[in-house]
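Architecture and fold: a report
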Amino acid sequence: MTDLSHAPLPGGLPNKRQVAASFSRAAASYDSVAELQRAVGSQLLTRLPAGIAPQRWLDMGCGTGYFSRVLSERLPASQGVALDIAEGMLKHARPLGGAGHFIAGDAERLPLQDASCGLIFSSLAVQWCANFEAVLSEAYRVLRPGGVLAFASLCVGTLEELRESWRAADGLVHVNRFRTFEAYQQRCAASGLRVVSLERRPHVLHYPDVRSLTHELKALGAHNLNPGRPGGLTGRARIVALVQAYEQFRQAQGLPATYQVVYAVLEKPL
């Protein structure tokens, strides 16, 4: 297991120990509410180059291993490695199979040899990494020439309705911060990997009420992990104010929660 620093991370991103612990606690409830994760990961799969047949693939930030199992079905002749920073997720994933190896590790410091993978697949994991340049340089190191990094992440604009509603209710940070899309563009362009495709697509989910949304975020382990978040219980008056503010966004299908999803396919030059 890689060493996870206690220190607060730059740029207001959450501390990795908190991220790992939060997702470990959520492992059992995660799959039942992971509609967004399923949809985004499935979209990412459609973006893989046709005919890709790596000797070895890595599911980086594998979570409960859902896409490790999908990859193993799609690439039956390939060896699979599933990696996650959250031990609880690996404990859940391992008995369900899909990969030959399940490894606890960090995307910023991969415990894998140089040029050992033909494909790195990562769906909704790298938004938790403060040092995205390190993620890209590690992917470059671990990929074989001609190998592919396919990732989906979240950028600024994600959960904007919830952020705006909290701002109206009490002005404090209650929603995780994300990188700008432009930061993804710049860092991918500077990575040494060839950018095959890079785009941002909104994905909107609808909820009957605010409680359903916040319950789902907690079950996913993705509730607010920001430094500077308010401590202690949220007062009843603030909750009432939040609900009133969020109701302004209501649509026919329910209360919208918009995720701004970044899809990228990068290739290591031959």
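Residues numbered from 1 in each chain as written. Predicted model: local features only at pLDDT ≥ 70, side-chain atom pairs only at ≥ 80, totals over all residues. Heavy atoms only, no water.

**Topic: the overall build of the protein**
Helix and strand content of the protein: 9 helices and 7 strands. In the protein, the share of contacts with a sequence separation of at least 24, taken over all contacts with a separation of at least 6, comes to 77%. (Helix = DSSP H or I, 4+ residues; strand = E, 2+ residues; numbered from the N terminus. Contact = heavy atoms within 4.5 Å.)

**Description of the pairing of strand β7 (residues 255–267)**
The buried count for β7 comes to 12 of 13 residues, which makes it a mostly enclosed element. Bridge count between strand β5 (residues 143–154) and β7: 7 bridges; the pairing is antiparallel. Looking across to β7, one finds that Ala150 is bridged to Val265. Across 13 bridges, strand β6 (residues 194–207) lies against β7 in antiparallel orientation. Across the sheet, His203 pairs through a bridge with Tyr259, a residue of β7. (Buried < 20%, exposed > 50% of the residue type's maximum accessible area, 1.4 Å probe, protein only. Pairing = 2+ DSSP bridges.)

**Thoughts on the pattern of salt bridges**
Once the charged atoms of two side chains with opposite charge are near each other, the side chains can pair. A full pass over the atoms with the stated rule returns 10 salt bridges. Between Glu247 and Arg250 there is a salt bridge; the shortest N-O distance is 2.7 Å. By relative accessible area, Arg250 is classed as partly exposed at 37%. The network of salt bridges with common partners includes Arg47, Glu199 and Arg201. (Salt bridge = Lys/Arg side-chain N within 4 Å of Asp/Glu carboxyl O.)

**Considerations on the confidence of the model for the protein**
Across the protein, pLDDT averages 85, with 81% of residues at or above 70. Segment residues 1–13 is flagged for pLDDT under 50; beyond a separation of four residues in sequence, or across chains, it makes 33 contacts in the model. For the stretch residues 220–229, pLDDT sits under 50, and the model shows 42 contacts to residues farther than four places along the chain or on other chains. (pLDDT = per-residue confidence, 0-100.)

**Focus: the environment of Leu149**
Its location among the elements puts Leu149 in strand β5. Judged by relative accessible area, which is 1%, Leu149 ranks as buried. Along the backbone, Leu149 and Leu119 are 30 residues apart, and their C-alpha atoms lie at a distance of 5.9 Å. Not counting the four nearest positions on each side in its chain, Leu149 is found in contact with Ile120, Leu136, Ala139, Leu143, Leu193, Ala264, Val265 and Leu266.

**Quick look at helix α7 (residues 181–189)**
Since the α-helix packs 3.6 residues into each turn, any two residues three or four apart lie on the same face. Within α7, the full set of buried residues consists of Phe181, Ala183, Tyr184 and Cys188. Viewed along the axis of α7, the buried residues span an arc of 155 degrees, placing them on a single side of the element. Structural note: α7 exposes Gln186 and Ala189 on the side pointing more than 90 degrees away from its buried face. Contact partners of the buried residues in α7: α5 (132–142), β5, β6 and β7. (Arc of directions from axis to C-beta.)

**Details of helix α3 (residues 66–74)**
Every buried residue belonging to α3 is among Phe67, Ser68, Arg69, Val70 and Leu71, and all of these are buried. In this fold, the buried residues of α3 make contact with α2 (35–46), β1 (56–60), β2 (79–84), α4 (87–93) and β4 (117–123).

**Quick look at the side chain of Ser78**
Structurally, Ser78 can be placed in the loop between α3 and β2. Residue class for Ser78 comes out buried when judged on its relative accessible area of 16%. Within the structure, the side chain of Ser78 is placed 2.4 Å from the backbone oxygen of Pro54, a separation counted as a polar contact. Apart from the residues lying within four places of it in its own chain, the contact partners of Ser78 are Ala53, Pro54, Gln55 and Trp57. (Polar contact = N/O pair within 3.5 Å; in protein donor to acceptor, adjacent residues only side chain to side chain.)

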